[in-house]
Amino acid sequence: PTDSTHSNLNPMVWTVYLGADTPPLIRVVHQSLSGREHTFCVETSKRSVYLACRSDLELNRWIDSLSHVVDPLKEERVQHDQSLTLWIVEAKHLPKKRYFVELLLDNMFCCRTVTKPVTEMLFWGEHFKFWDLRSFHKIRVVLRRENKNKKACVVGETEILVKDLTLGQEHEHWYNLTSTSSQSKPHNVKEPQIRLKVKLQILTILPLNYYERLLTYLASKSIDLCKVLEPQLSVRHKEELASLLLHVLQDFQKARGFLEEIVMLDVEKTEDPSLLFRGNSIATKAVDIYMKLIGSKYLKNTLGLFIKDIYDNAQEFEVDTTRIVPGEDYTTNQQNMRMKVDKAWALILSSYPKFPPDLRSLFCRIRERCEEAGRPEISKKMISGSIFLRFFCPAIMSPSLFNLTNEYPDERISRCLIITAKVIQNLANFTKFEGKEDYMSFMNEFVETSIPNMDLFLSMISVIT
């Protein structure tokens, strides 16, 4: 059978046959191409259909379900999962114009960076990751210059051959950009270069039935496993173990119960409440991963527009007198900063009715467990540390790591993000600024007056209504 469009339906509704002789390609479409998150494409010999989902979870379910329809026996044979991580870092030896980078695997267009101007340097700092890739032979990186009212022109490109990469290792180099123009350049002009970091992995996946005993063991003995392994693991391996366990247990509907138990183990081992959730245990890594897994949409809805506004805003925010450049108005900068902090806190405070139910249930159970253990004062610190120290504040400081933006901030934007996060974190710690951060004392009034609302917020996100 072939694809068809039903004439009696809306012209935007098609029937795509998944059982054609040539299996369709089902792949995730990067946001830089689609303009929307959680988008995937079904490509057949007749057409490509793009579909947008509401969350990563929904996206994965659609792709898994459609892949199973296309290839029902996929899980019964050995598979090779190919993934690629590419960091587009910076470029040099370019005129002061605006540039962006496109990434292609063979001839398949995969993603692009934001457009950046050349100042003292041309820095993107963007990273892209792709899973379940079909076989490809080369990575093509194309640098384009933005032109007003014209199509962006190609400045140059470079190719990385898959056969030259060592699987599982990061390769970071400056690559020459070969120009496609026939015009000759003066001998004293350096060729443009781009710094890239690449990591290619291929995992062999056995038939699903080979993993049944392991999955059963992980579902029932995950806490025992963590107790034995934690003293032997590095921070990176703790994070990998936490991620693996959470994704397995989520399918068994046991992730929240695992988190409750692993967090309470940390509570029992921590004598000083001020140190709770400030280390790099399996528990802290698991909570970090779970909050991103469950709370990414909530975070985007709460702070996404706030982050965008800071990136789009031309105001100055520096409030440290030792860092202010001549000509800046210190008082105006303080006012600008106060307005941004007020806005961020108002958005967070008003978001509690939309707080993810799974996180709310987790915090509720931990609060109850702490009270049962005779340590009710611990629960507030644990909840505050989880949601602010390890979620909201890192997302404000490094929004690209939480998918709030793809763009790496310049120094001015970065200072605004850092200072905003500092104030919100001090509020979450119920502490004023003093000592080495005395320049932030102008925000102490905000901290003091906002403490009751912080108490209310922590209470509301840990109560099941």
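Residues numbered from 1 in each chain as written. Predicted model: local features only at pLDDT ≥ 70, side-chain atom pairs only at ≥ 80, totals over all residues. Heavy atoms only, no water.

### Re the sheet that holds strand E12 (residues 193-205)
Strand order in this open sheet of 4 strands is E8-E4-E12-E11, and the pairing throughout is antiparallel. The sheet is open, and its two borders are formed by strand E8 (122-130) and strand E11 (170-176), each paired with just one other strand. Averaged over all neighbouring strand pairs, the angle between strand axes comes to 15°, with direction disregarded. The pairing of E11 with E12 spans 7 bridges and is classified as antiparallel. Across the sheet, the residue bridging to His173 is Leu196, located in E12. (Pairing = 2+ DSSP bridges. Helix = DSSP H or I, 4+ residues; strand = E, 2+ residues; numbered from the N terminus. Axes fitted to C-alpha atoms, helices over the stretch in contact; angles between N-to-C directions.)

### A few points about the packing of helix H6 (residues 282-312) against helix H8 (residues 357-372)
The relative placement of two packed helices comes down to the angle between their axes together with the axis-to-axis distance. Relative orientation of the contacting elements H6 and H8 amounts to 140°, with a least axis distance of 9 Å. Between H6 and H8, the crossing angle belongs to the class labelled oblique. Of the residues in H8, those in contact with Tyr290, Met291 and Ile294 of H6 are Asp358, Leu359, Leu362 and Phe363. Grouping the amino acids of the contact of H6 with H8 by side-chain chemistry returns 6 nonpolar, no polar and 1 charged. (Parallel < 35°, antiparallel > 145°, perpendicular 65-115°, else oblique. Contact = heavy atoms within 4.5 Å. Nonpolar A, V, L, I, M, F, W, Y, C, P; charged D, E, K, R; others polar.)

### Thoughts on unusual backbone geometry
If you check the backbone angles, Asp132 has positive phi at about 50° while not being a glycine. Structurally, the position occupied by Asp132 is in the loop between E8 and strand E9 (138-145). For Asp132, a relative accessible area of 48% translates into the label partly exposed. For Phe430, which is not glycine, the phi dihedral falls at a positive 60°. Mapped onto the secondary structure, Phe430 falls in the loop between helix H10 (411-429) and helix H11 (444-460). (Buried < 20%, exposed > 50% of the residue type's maximum accessible area, 1.4 Å probe, protein only.)

### Focus on the sheet that holds strand E3 (residues 48-52)
The strand order across the open sheet formed by 3 strands is E1-E2-E3, and the pairing between neighbours is antiparallel. Of all the strands in the sheet, just strand E1 (25-29) and E3 have a single pairing partner and so form its edges. Adjacent strand axes in the sheet meet at a mean angle of 25° when their direction is disregarded.

### Description of the nonpolar core
Ranked by size, the top nonpolar core spans 80 residues in total, and within it Phe258, Ile262, Trp345, Ile387, Phe388 and Phe457 carry the most contacts. Among the elements that take part in this core, H6 stands out by supplying 14 residues, more than any other. With near-sequence residues (within four places) excluded, Phe457 lies in contact with Tyr298, Trp345, Ile348, Leu349, Ser351, Tyr352, Phe388 and Phe392. (Core = buried A, V, L, I, M, F, W, Y, C linked by side-chain atoms within 4.5 Å.)

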